[in-house]
Amino acid sequence: MRDFSGKTICSVLAVLLLALCLPGVAKAELPVVKFIATGGTIAMKIDPVKKAPVPAISGEDLVATVPEISKVARIEVLNLSNVPSDYMDPERWISLQKAATEALARPEVAGVIVSHGTDTLEETAYFLDLTVKSDKPIVLIGAQRNASESDFDGPRNLLNAARICVCPDARSKGSMICLNNQINAAREATKTHTSDVETFKSGDYGFLGVADHDRVIFYREPLRRQYIELSQTTLPDVEIVPMYGGADGKMVKAAVAAGAKGIVIQALGWGNVNIPMYEALCLPGVAKAELPVVKFIATGGTIAMKIDPVKKAPVPAISGEDLVATVPEISKVARIEVLNLSNVPSDYMDPERWISLQKAATEALARPEVAGVIVSHGTDTLEETAYFLDLTVKSDKPIVLIGAQRNASESDFDGPRNLLNAARICVCPDARSKGSMICLNNQINAAREATKTHTSDVETFKSGDYGFLGVADHDRVIFYREPLRRQYIELSQTTLPDVEIVPMYGGADGKMVKAAVAAGAKGIVIQALGWGNVNIPMYEAVKDLPSKGIPVVITSRVPNGRVLPNYGFIGGGKTLKDTGAIFADNLSPQKARILLMLALQKTSKAEDIQKLFDK
């Protein structure tokens, strides 16, 4: 093992670095991370004779390419193998599981890194997730570019894996895959591109988090994890048989004849095969029982509109009761109580209406027989209302916000499906403690990240890099993620302070900032560029506001990623931070405005408000 010496720094800085998941403490205090090398492109170089990548470097060689890793952890290397991942098999998985289990049992070991080829990395990750019983993380890494290439991605992935292993928030998340700074859960992660570095994704359910430039951040908790004891030294033979046009079932018979103890059918669509490949499916029945109450609060929006014969355009027209009547099967899910709070387009929603809605939802959820609350709402500002309720309603029962992209006069009106799914979510035990959620088109999004991404498509609400929480599928509601970045802020005033959003764009001159302040704004949210940058006129307009007691919050017009005080030019994020500006993490401008309004109920101090944005 190579011996690295860390630099001694003051205890205050050490505490700060630990909080950022980047330990910078003295060598003796650094945790141990076990690095188990198995091979793959990350361990390959171009062979001068074969003119192609071949296994060539050890785990120690890879660690030597990342000198800064010595500031994160003491790395212990075990070269278990050096093979392409195409060669990985159950025998090698069992050896790896044993090595990982032994390492994680040692108190001084914070986690395990496994380097691996990317072709079957997702299989090894899931095997370890199922068979290793430890709350310490296992982080699997690989590389899409070999060590002979100038942009070899192995060192970055190794460093990030070490950072994840020593991050306290990585505990109890099982096996993870981290390439290209993105952290995926073992159960959902899959390779999606043959050669791009951004290859591992988790489909609809998104990343767990990110190994960002300043710290490791988790946005999701993987829910569908289980432990299965590895009780044999060999595993039963199981074969995969694909379904395709004209498949005749011969491969199933051949697999059984060859001794397969189980068959996995790679079916089509929802799980369909032709007659020769047919296998019976069992759908669980539903026993009749006492139904819970679900409170349905109608506020308006397209979901409550029909085409007016005179105006030839959708207008508010139907009540909550009318909408419930379109979904007779909802009576098998819950007893629905309707409150028609308003019937307005969501463009009319404002803090006064939010406060009324929050009061109604809180009162409903306080009743023991109520399982959850549904809010029907226009889609234009639905994400703002959802986040406001997520921040201000203190209950472990779910609030599910729905809308529609097609009005009730259209033959493919999507409101009834969304209402039925919302009721199913409200009565689902797994929906507890997930706060406010948005559900359209069967997809469940957390309030904090959800945003409208298309003006008219039914699949409009998405959560960027961090994906859906779950799905209201045809047979049941399933959650794959737990939202981690939630907080409660008491609603202590009957009106909220005025906060304005001012966008940055090419040639912005700062006049709108000055106009907002002159009009009485108590806080300003800047929709900045990139990582959180503005030009000189905008910088001049905001630089003195924090010292005058008017908080300035920096967001970005880029839909994914966090804002960070990175650049040092005048107007760059670093210079804005130096003025006392607050950075909004990855919140959109409209959601940052809501959090700032709630914060201003009690304080205008930048350091106190920044803590809320960092949660």
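Residues numbered from 1 in each chain as written. Predicted model: local features only at pLDDT ≥ 70, side-chain atom pairs only at ≥ 80, totals over all residues. Heavy atoms only, no water.

1. As for helix H3 (residues 90-104)
The terminal C-alpha atoms of H3 lie 21 Å apart, and with 15 residues this matches the ideal 21 Å at 1.5 Å per residue to within 8%. For H3, every residue scored as buried is listed here: Trp93, Ile94, Leu96, Gln97, Ala99, Ala100, Ala103 and Leu104. Contact partners of the buried residues in H3: strand E1 (32-37), strand E4 (74-79), strand E5 (109-115), helix H4 (121-131) and strand E6 (138-141). (Helix = DSSP H or I, 4+ residues; strand = E, 2+ residues; numbered from the N terminus. Expected span 1.5 Å × (residues − 1). Buried < 20%, exposed > 50% of the residue type's maximum accessible area, 1.4 Å probe, protein only. Contact = heavy atoms within 4.5 Å.)

2. A closer look at a nonpolar patch on the surface
The grouping of Val238, Ile240 and Val264 at the surface amounts to a nonpolar patch, some 270 Å² of accessible area in total. Along the chain, the position of Val264 falls in strand E15 (residues 262-266). Owing to a relative accessible area of 42%, Val264 belongs among the partly exposed residues under this scheme. (Patch = residues over 30% accessible without salt bridge, like charges linked within 9 Å, V, L, I, M, F, W, Y side chains within 5 Å. Areas by Shrake-Rupley, 256 points an atom, 1.4 Å probe, with all protein chains shown as cover. Salt bridge = Lys/Arg side-chain N within 4 Å of Asp/Glu carboxyl O.)

3. Here's the deal with the packing of aromatic side chains
Under the defined criterion, the tally for this structure stands at 8 aromatic pairs. An angle of 40 degrees between the planes, with centres 5.7 Å apart, marks the rings of Tyr567 and Phe569 as tilted. With relative accessibility at 44%, the residue Phe569 sits in the partly exposed group. Linked through ring pairs, Tyr205, Phe468 and Tyr480 together constitute an aromatic cluster. Its guanidinium or amino end placed over the ring of Phe218, Lys173 lies 4.7 Å from that ring's centre, counting from NZ or CZ. The cationic tip of Lys434 hangs over the ring face of Phe479; the distance from NZ or CZ to the ring centre is 4.7 Å. (Phe/Tyr/Trp six-rings, centres within 6.5 Å; stacked < 30°, edge-to-face > 60°. Lys NZ or Arg CZ within 6 Å of the ring centre and 35° of its normal.)

4. Remarks on the state of the cysteines
With the rule as written, the count across this model stands at 0 disulfides. Free cysteine Cys165: the closest other cysteine sulfur is in Cys178, separated by 10.0 Å. Not part of a disulfide, Cys426 finds its nearest cysteine sulfur in Cys439, a span of 10.0 Å. (Disulfide = S-S within 2.5 Å.)

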